[in-house]
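Residue-level listing of the chains:
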2 protein chains.
Amino acid sequence: EITALAQNFFNDSQPQPLQGKKIMITAGPTREAIDPVRYLSNHSSGKMGYAIAHAAQALGANVTLVSGPVSLSTPDKVKRVDVNSAEDMLNAVMSDIDHQDIFIGCAAVADYKVEQVATDKIKKSAEHMQLRLARNPDILATVASLDNKPFTVGFAAETSNVIEYAQGKLERKNLDMIAANDVAIQGQGFNADNNALHVLWSGGQHNLPTATKTELARQLLQLIIERMDNDENSN
Amino acid sequence: EITALAQNFFNDSQPQPLQGKKIMITAGPTREAIDPVRYLSNHSSGKMGYAIAHAAQALGANVTLVSGPVSLSTPDKVKRVDVNSAEDMLNAVMSDIDHQDIFIGCAAVADYKVEQVATDKIKKSAEHMQLRLARNPDILATVASLDNKPFTVGFAAETSNVIEYAQGKLERKNLDMIAANDVAIQGQGFNADNNALHVLWSGGQHNLPTATKTELARQLLQLIIERMDNDENSN
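We now turn to the structure provided with this report. All of these numbers come straight from a predicted model, not from anything done at the bench.

Calculation rules
- Residues numbered from 1 in each chain as written.
- Chains lettered and ligands numbered in written order.
- Predicted model: local features only at pLDDT ≥ 70, side-chain atom pairs only at ≥ 80, totals over all residues.
- Heavy atoms only, no water.
- Contact = heavy atoms within 4.5 Å.
- Buried area = accessible area lost by both parts, 1.4 Å probe.
- Polar contact = N/O pair within 3.5 Å; in protein donor to acceptor, adjacent residues only side chain to side chain.
- Helix = DSSP H or I, 4+ residues; strand = E, 2+ residues; numbered from the N terminus.
- Nonpolar A, V, L, I, M, F, W, Y, C, P; charged D, E, K, R; others polar.
- Pairing = 2+ DSSP bridges.
- Axes fitted to C-alpha atoms, helices over the stretch in contact; angles between N-to-C directions.
- Least-squares fit on C-alpha atoms with pLDDT ≥ 70 in both.

## What to know about the interface of chain A and chain B
- In this complex, chain A contributes 38 residues to the contact, which on the side of chain B involves 38 residues.
- Carbon and sulfur atoms make up 46% of the surface buried where chain A meets chain B, a total of about 3900 Å² over both sides.
- Where chain A packs against chain B, one counts 16 residue pairs in polar contact (both at pLDDT 80 or more).
- No other element matches the 8 residues that strand E8 (residues 128-135) of chain A contributes to the side of chain A that touches chain B.
- In terms of residue class, the side of chain A that touches chain B is made up of 15 nonpolar, 9 polar and 14 charged.

Have a look at this one:
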């Protein structure tokens with residue numbers, strides 16, 4: 001009863017435009033094993049993805065967060081699934097993608113895995129070593145190619161020609177929206193608490209200037225809600 | 001008895017066998033850049049090295065902690081120097097090694113770095129990729145080869161033939177002591193709070209069975225103090 005009252009109170013005080021919507025968000029890096037002690041990875045604190053999960057929950061959504069290894073605590077009322085490799089992440093995503101209304105791929109997924117993972121620690125001996133890598137599955141493109149796909153949002157962390165590359169990725173992967181950020185700029189992206197995003201979709205774009213990741217998460221979700229309303233109205 | 005131990009531990013009159021001694025400890029993983037977003041690394045939470053730093057400070061030592069990227073807070077009154085790559089770590093160690101009485105190499109230093117680090121993010125395109133790696137400097141062996149070297153302690157995290165390999169490393173690198181642990185055993189090593197160590201030195205060994213890393217840190221320092229006393233007495 002108290003819970004009901006509290007829910008009512010919060011419902012009344014904050015609009016819940018994502019009430020009844022299911023959102024899946026990937027966050028953090030993946031780790032690709034070389035042997036039991038070594039791995040390949042990507043810089044990613046997971047802060048942006050976790051901020052989106054938190055903001056989506058506050059806007060009324062039912063949130064699933066598929067997370068690589070990060071040092072962040074799970075936002076309240078968010079279902080978190082922990083994974084390591086890109087293949088683990090793909091499996092976790094695909095096992096529950098059918099019921100999602102929105103998919104936001106915020107994880108820094110390793111593009112390549114090690115072709116032959118050693119079961120014992122490799123001893124160093126040679127002065128040089130070759131590591132043979134093979135392409136990882138593309139989680140974002142896999143989701144975006146589904147019949148009945150959710151509204152699919154990607155991220156592009158780039159160090160040069162950021163918008164050009166993001167536009168290409170939007171089209172090539174059949175995404176509904178992409179958020180690009182220039183990780184070469186000090187103080188944004190990766191481990192920073194601030195970020196700036198340039199958001200693109202088919203036929204439009206919007207610049208979200210430097211702000212906290214918490215604030216950017218809300219603004220990005222607002223853009224998603226607008227685009228989804230627009231798509232519904234045009235159908 | 002537990003109360004007595006606790007009182008002893010928190011007492012100001014706790015014995016300070018490392019009073020006036022300088023200890024340098026390396027901890028955590030290193031990260032070797034592939035490009036601005038990707039890197040090679042090793043599993044290491046840094047917990048063992050941080051526990052040793054904490055315990056050494058409590059025993060009266062002046063502690064310098066050279067740390068790779070970890071999510072741990074710096075123990076009280078410990079000087080912490082943050083580094084990323086193995087080369088960074090070597091530079092930080094060598095810049096202050098002359099005045100150290102004890103060096104404990106607890107970091108999981110990457111054995112190999114990427115031969116050619118790309119300044120821009122590498123675009124994935126090919127199905128396969130070759131990563132050419134070159135040997136990193138060996139920090140532990142470099143310290144142990146110094147004239148007037150500190151009492152030098154290494155760690156060996158292995159997945160098979162643990163003691164054999166540790167014995168070889170002790171001799172090959174001219175270490176004063178080595179602490180071996182089997183990271184293939186569940187619940188110890190890496191990210192765990194517990195560990196078990198098999199400690200070897202020239203002419204002796206001691207088994208430290210499963211305990212918290214805090215407890216093992218104290219026991220390891222006790223062994224180091226005994227060996228140093230022994231060396232002094234035999235001179």
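## Topic: the sheet that holds strand E9 (residues 151-158) of chain A
All names here are of chain A.
- If you walk across this open sheet you meet the 8 strands as E5-E4-E1-E6-E9-E10-E11-E12, and the pairing is mixed. Two strands lie at the open edges of the sheet, namely strand E5 (79-82) and strand E12 (204-212), each paired on one side alone. The mean inter-strand angle of the sheet, taken between neighbouring strand axes irrespective of direction, is 15°.
- As paired elements, strand E1 (residues 22-27) and strand E6 (residues 102-105) share 4 bridges and run parallel to each other.

## What about the relation of the copies chain A and chain B?
- Turning chain A through 180° and shifting it by 0.0 Å along the axis lays it on chain B, with an RMSD of 0.0 Å. The symmetry that links the two subunits is that of a two-fold axis.
- Of all interface residues in chain A, 100% are interface residues in chain B too; the two copies therefore contact each other through one and the same surface.

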